[in-house]
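Close look at the chain arrangement
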Amino acid sequence: MPELPEVEALATFLRERAVGRTILRADVAAINAVKTFDPPLTALHGAFVVDAARHGKFLDLVVASEAAGEVLHLITHLSRGGWLHWRESLPPAPPRPGGKGPIAFRLHLAPEFPEGPTAGFDLTEAGTQKRLAVYLVRDPLDVPGIARLGPDAASISRDELARVLLAQRSQLKRALTEQGVIAGIGNAYSDEILHTARLSPFKNTAKLTEDELTRLHAALHSTLDDAIARSVGQKAATLKSEKRSGLQVHARAGLPCPVCGDTVREVSFADRAFQYCPTCQTEGRELADRRLSRLIK
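Only a predicted model underlies this, so the values are computations on that prediction, with no experimental measurement involved.

1. Notes on the side chain of Ser-170
Structurally, the position occupied by Ser-170 is in the loop between helix 3 (158-166) and helix 4 (172-177). Not counting chain neighbours up to four residues away, the residues in contact with Ser-170 comprise Ala-175, Lys-203, Asn-204 and Thr-205.

2. Focus: the sheet that holds strand 7 (residues 119-125)
Here 4 strands make up an open sheet; going across it, the order is 1-6-7-5 and the pairing antiparallel. Two strands in the sheet have a free side with no partner beyond their single neighbour: strand 1 (23-28) and strand 5 (82-87). Here the strands of the sheet are splayed against their neighbours by 15° on average, with no regard to which way each runs. The pairing of strand 5 with strand 7 spans 6 bridges and is classified as antiparallel. Paired with Gly-82 across the strands is Glu-125, a residue of strand 7. Each of strand 5 and strand 7 touches helix 1 (residues 4-17); the most contacted strand, strand 5, lies at about 20° to it.

3. Brief notes about the confidence of the model for the chain
Confidence in the prediction for the chain averages 92 pLDDT; 97% of positions are at 70 or higher. Counted against residues more than four places away or in other chains, residues 292-297, with its pLDDT under 50, gives 3 contacts.

4. Remarks on the packing of helix 3 against helix 6 (residues 210-231)
Where helix 3 contacts helix 6, the axes come no closer than 10 Å and their chain directions differ by 115°. Classed by the angle they form, the pair helix 3 and helix 6 counts as roughly perpendicular. Handedness of the helix 3/helix 6 crossing: right-handed. Side by side, helix 3 and helix 6 meet where Arg-158, Leu-161, Ala-162, Leu-165 and Leu-166 of the first sit next to Glu-210, Leu-213, Thr-214, Leu-216, His-217 and Leu-220 of the second. Residues of the contact of helix 3 with helix 6, tallied by class, amount to 7 nonpolar, 2 polar and 2 charged.

5. What about the packing of aromatic side chains?
The final tally for this structure, using the stated rule, is 3 aromatic pairs. Considering the side-chain rings of Phe-13 and Trp-86, the 5.8 Å spacing of their centres and the 80° angle between planes classify their relative orientation as edge-to-face. With Phe-13 in helix 1 and Trp-86 in strand 5, this residue pair connects regions lying 73 residues apart in the sequence. Summarising the aromatic geometry, the rings of Phe-274 and Tyr-276 are spaced 6.4 Å apart at their centres and angled 55° between planes, so their arrangement reads as tilted. Take Tyr-276: its relative accessible area is 0%, and that puts it in the buried class. A network of ring pairs unites the aromatic residues Phe-202, Phe-274 and Tyr-276 as a single cluster.

6. With respect to the nonpolar core
Residues Leu-14, Leu-44, Leu-61 and Leu-107 are the most contacted members of the largest nonpolar core, which totals 37 residues. Counting residues per element, this core draws most heavily on helix 1, at 6 residues. Excluding residues within four positions of it along the chain, Leu-107 makes contact with Ile-23, Arg-25, Ala-26, Leu-44, Leu-61, Leu-74, Leu-90, Ala-119, Gly-120 and Phe-121. Among the nonpolar cores identified, the runner-up in size contains 26 residues, and Ile-156, Ile-193, Leu-213 and Leu-224 belong to it.

The rules we used
Residues numbered from 1 in each chain as written. Predicted model: local features only at pLDDT ≥ 70, side-chain atom pairs only at ≥ 80, totals over all residues. Heavy atoms only, no water. Helix = DSSP H or I, 4+ residues; strand = E, 2+ residues; numbered from the N terminus. Contact = heavy atoms within 4.5 Å. Pairing = 2+ DSSP bridges. Axes fitted to C-alpha atoms, helices over the stretch in contact; angles between N-to-C directions. pLDDT = per-residue confidence, 0-100. Parallel < 35°, antiparallel > 145°, perpendicular 65-115°, else oblique. Left-handed = near helix turned anticlockwise from the far one by under 90°. Nonpolar A, V, L, I, M, F, W, Y, C, P; charged D, E, K, R; others polar. Phe/Tyr/Trp six-rings, centres within 6.5 Å; stacked < 30°, edge-to-face > 60°. Buried < 20%, exposed > 50% of the residue type's maximum accessible area, 1.4 Å probe, protein only. Core = buried A, V, L, I, M, F, W, Y, C linked by side-chain atoms within 4.5 Å.

Here you go:
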């Protein structure tokens, strides 16, 4: 799933490629991906792209619509299997609605130069669970998921982090990935942050000490800042591999921890898993794998 660093990089990419261009049309291949109807998608036709922004893990393409007579926001949540694919040349024929291919939405942009190719991007989604969402709204807060966001992880202060976590009284891993608590962190970067902070994923947020809160805040910003620095400037097509290359524990179960050499362990749930290092994070204790525990019962 794209998280804060990747969505920030995609926003930067669109500011460089799309801002200043006119939207020619929008094609919808997956009807269920479009979550709004007012204003209609036809309001995008002839609109001028003025900016690209990020709200947590939501990507926002800001456009000035002459048809609507106002500024609109084309907002996307890529969810678990979604991605943005930039095309320097798009085919003129629209993708087939309801088709079995991965394309959910396509945006056509006017050429940079006369007689040049029509550029733009496809929003695609892999897998059987179709959760990619597209919204066209007048205000980003009209998107329910954005209205519920907690403070943004990229700018959260140490005191604010302490306030929101101590109020949760839940497992630290869960609190870090709850978008209403802190916006932008998902499964991968929460694993990396906790490893850097030397904290157990199962640590109760209400029992964090002052030293642990300080370590966690420093780890959060160093992890995200490093990931943003590596991601921004990358082409959209290379962001996924760039993300994987910087991970120390996430998706590395069975491999040696790059800090201490212990074997990275995994805890599995119904549809996902997280990874950690026992030596670095749990004083050598191995956490119970919930999937294995159910099998034993």
